[in-house]
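# Architecture at a glance
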Amino acid sequence: MHCALAVLFSLALCGQDDAIAARYRNHRELTYYVDEAGKQQPIDSRAAWQRRRAHVLAGMQAAMGKLPSRENLPPLDVQVLETVQGKGFTRLKISFVAEAGDRVPAHLFLPDAAKAKPAPAMLALHQTTSIGKDEPAGLGGLKNLHYGLELAERGYVVLAPDYPSFGDYKYDFKAGDYVSGTMKGIFNHMRCVDLLQSRKEVDPERIGVIGHSLGGHNAMFVAAFDERLKAIVSSCGWTPFHDYYDGKIAGWTSDRYMPRLRDVYGLDPDRVPFDFYEIVASFAPRGFFSNSPVADSNFAVAGIKKGIAAARPIYELYGHPERLQVRYPECGHDFPPEVRQEAYQFVDSILQAR
């Protein structure tokens, strides 16, 4: 397609997303969808919820930019840079192709047992830290955030990538073609799932994602778009926009996140075309576990309680309310050991790992 025509086509698609998103003013209300005639229709079936779920993804893309096409993707071209033998696993330092001209650095853990029988796998996403992927891999940072290493020790294949601009991943957000860093992250993380599914050590039907803070909401964002992810764990990763610093959402608008929340929606939570109520509900009936400390200064627990309550009827619609779990530990912005163990047990139950 000619470049100018491609731009016009992309703008037209974004316009469709904006038009769909404009049908919804209260993103907490998940009991209806709005049809093409602008009428509210009750969500009284799974098919009806799927209509609303498609509108949720449209709202996300109105703010984040379109998810790029996943047709004609280039080969992953995995390059192994370092091999380290651990206790019960091998850790590979790798890079792989996300898209033309762009390679993602990552750590890949391969459990010894996976040589004989394909294992479940987890995508482990890091928080805002200069060392990026090294923290979940247990190579630095906070011990409570070494969940990639801990899951590998439990027998999971684990892929821990750098988010653009962290760790070894040099990335210029302004030079890229993405409306938001968030959508670039979603695309990259879907490529991570591609990589996991390509490995003979991985059972392609048993893949999940875990992350803390930056990694916590990126786990949620990619899982909304990628239903191959069957178990989702978000630690200190979310609260509805009105509850994020009392509605002061400027923190979401850097190049690494979603500048359109400032440039198009004027930092007004009422105008943002999606919210976390909908994202949590979009996971149903897949497993979602949220670690939401009561003293987390970033993500207010009061909003999380509202978000869980709004999403629960959708999980009930699918007959799996037990797959929506949240813990409220008495701590700040942290992922304490006892909650991590509960999260791992939850992932085990969803992915039937043990």
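See above for the structure.
First, a word on scope: everything that follows refers to the structure included in this document.

## Overview of the nonpolar core
Core analysis: the biggest nonpolar cluster contains 85 residues, and Met-60, Phe-221, Trp-252 and Phe-274 have the highest contact counts within it. Among residues more than four places away in sequence, those in contact with Trp-252 are His-217, Phe-221, Phe-241, Tyr-244, Tyr-257, Met-258, Leu-261, Phe-276 and Phe-299. Counting residues in hydrophobic clusters, the runner-up holds 24 residues, among them Ala-124, Ala-137, Ile-210 and Val-347.

## Points about the packing of helix H4 (residues 181–198) against helix H5 (residues 214–225)
As a packed pair, H4 and H5 sit with axes 9 Å apart at the nearest point and diverge in direction by 65°. Taken together, the axis directions place H4 and H5 in an arrangement best described as roughly perpendicular. The way H4 lies across H5 gives a crossing that is right-handed. On the side of H4, the interface is formed by Thr-182, Met-183, Ile-186, His-189 and Met-190, while H5 contributes Asn-218, Phe-221, Val-222 and Phe-225. Looking at the contact of H4 with H5 residue by residue, the class counts come to 6 nonpolar, 3 polar and no charged.

## Here we look at the sheet that holds strand E8 (residues 202–212)
Pairing between the strands of a sheet is mediated by backbone hydrogen bonds and can be parallel or antiparallel. Pairing within the open sheet is mixed, and its 9 strands lie in the order E3-E4-E5-E7-E6-E8-E9-E10-E11. The open sheet has two edge strands, strand E3 (79–85) and strand E11 (324–327), and neither has a second partner. Direction aside, the axes of adjacent strands within the sheet are offset by 20° on average. Pairing geometry for E8 and strand E9 (residues 229–235), over 6 bridges, is parallel. Its bridge partner being in E9, Ile-210 is matched across the sheet by Val-233. Together, strand E4 (89–99), strand E5 (102–111), strand E6 (119–125), strand E7 (157–161), E8 and E9 form the strand contacts of H4, whose direction differs from that of E4 by roughly 125°. Each of strand E10 (287–291) and E11 is contacted by helix H8 (residues 301–317), which is oriented at about 165° to E11, the strand it contacts most.

## A few points about helix H2 (residues 46–64)
Counted at 1.5 Å a residue, the expected span for H2 with its 19 residues is 27 Å, and the 26 Å between its end C-alpha atoms agrees. The element H2 is extensively covered by neighbouring structure, given that 14 of its 19 residues are classed as buried. The first or second residue beyond H2 is Gly-65, which carries a positive phi of 95°.

## Section: the packing of aromatic side chains
One pass over the structure, following the stated rule, counts 22 aromatic pairs. Aromatic side chains Tyr-163 and Phe-166 sit 6.3 Å apart centroid to centroid with 50° between the ring planes, which places their arrangement in the tilted category. Side by side, Tyr-163 and Phe-166 carry an identical accessibility label, which is buried. Here a set of aromatic residues connected by ring pairs shows up, and it is made of Phe-221, Trp-238, Phe-241, Tyr-244, Tyr-245, Trp-252, Tyr-257, Phe-274, Phe-276, Phe-283, Phe-288 and Phe-299. The ring of Tyr-328 carries the charged tip of Lys-305 above its face, separated from the ring centre by 5.1 Å.

Criteria and thresholds
- Residues numbered from 1 in each chain as written.
- Predicted model: local features only at pLDDT ≥ 70, side-chain atom pairs only at ≥ 80, totals over all residues.
- Heavy atoms only, no water.
- Core = buried A, V, L, I, M, F, W, Y, C linked by side-chain atoms within 4.5 Å.
- Buried < 20%, exposed > 50% of the residue type's maximum accessible area, 1.4 Å probe, protein only.
- Contact = heavy atoms within 4.5 Å.
- Axes fitted to C-alpha atoms, helices over the stretch in contact; angles between N-to-C directions.
- Helix = DSSP H or I, 4+ residues; strand = E, 2+ residues; numbered from the N terminus.
- Parallel < 35°, antiparallel > 145°, perpendicular 65-115°, else oblique.
- Left-handed = near helix turned anticlockwise from the far one by under 90°.
- Nonpolar A, V, L, I, M, F, W, Y, C, P; charged D, E, K, R; others polar.
- Pairing = 2+ DSSP bridges.
- Expected span 1.5 Å × (residues − 1).
- Phe/Tyr/Trp six-rings, centres within 6.5 Å; stacked < 30°, edge-to-face > 60°.
- Lys NZ or Arg CZ within 6 Å of the ring centre and 35° of its normal.

Read these as geometric descriptors, not functional statements.
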